[in-house]
Amino acid sequence: MDQLTLATENSWCPGCGNFLLFDALKKAIGKKEKEFVIVSGIGCHAKMADYININSFYGLHGRAIPVAQGIKIGNPNLKVIASCGDGDAYNEGISHLIHAAKRNSDITVIIHDNHNFALTVKQFTSTSPEGFKGSSTPEGSIEEPFNPLELMISSGATFVARGYVGRKDHLEKMIKEGIKHKGFSFIEILQPCVAWYNTFEKYNKTVYEEETEEPSSREKALAKAALWDYKNGDKVPIGVFYKINKETFEEKLLKNA
Ligand SMILES: Cc1ncc(C[n+]2csc(CCOP(=O)(O)OP(=O)(O)O)c2C)c(N)n1
Ligand code: SF4
């Protein structure tokens, strides 16, 4: 067992995409674990706080982000990662996500997007595709999903990226870049849930890596984000979509403190 894994019993389903995500995160953190705090919401994704040998905090469902912001204000030297689910951040805690991006709070948000509320047995979320059949939509969801990358770019995030657990080295790079970025960094991570919505086969065929030539262009970032409309899923770019430098919320807040 590596130094960043605790000996706690792991209850993720065998084959869950969270194992690959966990690996990529640990590699991105490397030997600098004392500089980090991980805050989680509630759900399968959140169990990472139990498994990782790093200072961590369990928030309420949907409330990892305000806790992470509070920790960052309390000790700006820490690197704070909020580890959230799609149900957690896009449904329950959506206003926190939008406002943290708007403030350019200097935290890193990683979303384990498995397109369902997995721990509570397959309810649809904001990124479930139309027609998604789950325990709250037995006839299939009649709603269209939203596009979180477009939302984050429009809300004020200064680093926006997407990764896929099936491309672990690339994902590690995305997480490292997000951590390094000064300001609000947002990484949507495609994380297949083998129990309720197994997207490994689909994403293995449709995900492709693409460098963004001009990451400071908002228009180009939005155009790239729109390439995947979450409906047909035949073209899913991963990589950094948007990156700009801007004074952070904590810098402004603590300037005259
Ligand atoms: C405020 C609140 N609402 C609902 C719940 C019940 N609940 C616990 S975990 C969970 C699902 C989590 O889904 P998601 O955030 O997508 O994470 P996943 O399990 O898919 O990783 C829900 C609805 C809760 N604990 N607190
Ligand atoms: S229910 Fe889905 S997300 Fe949760 S541990 Fe199992 S495979 Fe992973």
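Residues numbered from 1 in each chain as written. Chains lettered and ligands numbered in written order. Predicted model: local features only at pLDDT ≥ 70, side-chain atom pairs only at ≥ 80, totals over all residues. Heavy atoms only, no water.

1. Here's the deal with the pattern of salt bridges
Logical step 1: Tallying each qualifying case throughout the model produces 13 salt bridges.
Logical step 2: One salt bridge in this structure joins glutamate 209 and arginine 167, with 3.3 Å as the shortest N-O distance. Highlighted residues: glutamate 209 in strand 9 (residues 207-209) and arginine 167 in the loop between strand 7 (159-164) and helix 7 (168-180), separated in sequence by 42 residues.
Logical step 3: A residue is classified by how much of its surface remains accessible, and glutamate 209, at 44% relative accessible area, is partly exposed.
Logical step 4: Lysine 173 is the partner of glutamate 211 in a salt bridge, and the nearest nitrogen-oxygen pair spans 3.8 Å. Here the residue glutamate 211 occupies a position in the loop between strand 9 and helix 9 (218-225), and lysine 173 occupies one in helix 7, the gap between them amounting to 38 residues.
Logical step 5: Glutamate 211 sits in the exposed class, given a relative accessible area of 68%.
Logical step 6: One continuous salt-bridge network, built from bridges that share partners, spans Asp2, Asp23, Lys26 and Lys168. (Salt bridge = Lys/Arg side-chain N within 4 Å of Asp/Glu carboxyl O. Helix = DSSP H or I, 4+ residues; strand = E, 2+ residues; numbered from the N terminus. Buried < 20%, exposed > 50% of the residue type's maximum accessible area, 1.4 Å probe, protein only.)

2. What about the packing of aromatic side chains?
Logical step 1: Applying the stated criterion to the full structure yields eight aromatic pairs.
Logical step 2: On the numbers, 5.3 Å between centres and 75° between planes, the contact of phenylalanine 132 with tyrosine 197 is edge-to-face. Placement of phenylalanine 132 in the loop between strand 6 (123-124) and helix 6 (148-155) and of tyrosine 197 in the loop between strand 8 (185-190) and helix 8 (200-206) is noted, with a sequence separation of 65 residues between them. Like tyrosine 197, phenylalanine 132 is buried.
Logical step 3: Centre to centre, the rings of tyrosine 164 and phenylalanine 200 are 6.5 Å apart; their planes meet at 55°, and the pair counts as tilted. Separated by 36 residues along the polypeptide, tyrosine 164 in strand 7 and phenylalanine 200 in helix 8 bring together distant segments of the chain.
Logical step 4: You can call tyrosine 164 buried: its relative accessible area is 1%.
Logical step 5: Connected via pairs of aromatic rings, a cluster forms that spans Trp12, Phe19, Phe22 and Tyr51.
Logical step 6: If you follow arginine 103 out to its NZ or CZ, it ends over the ring of phenylalanine 249, 5.8 Å from the centre.
Logical step 7: The positively charged end of lysine 122 is found above the aromatic ring belonging to phenylalanine 132, 5.7 Å away from the centroid. (Phe/Tyr/Trp six-rings, centres within 6.5 Å; stacked < 30°, edge-to-face > 60°. Lys NZ or Arg CZ within 6 Å of the ring centre and 35° of its normal.)

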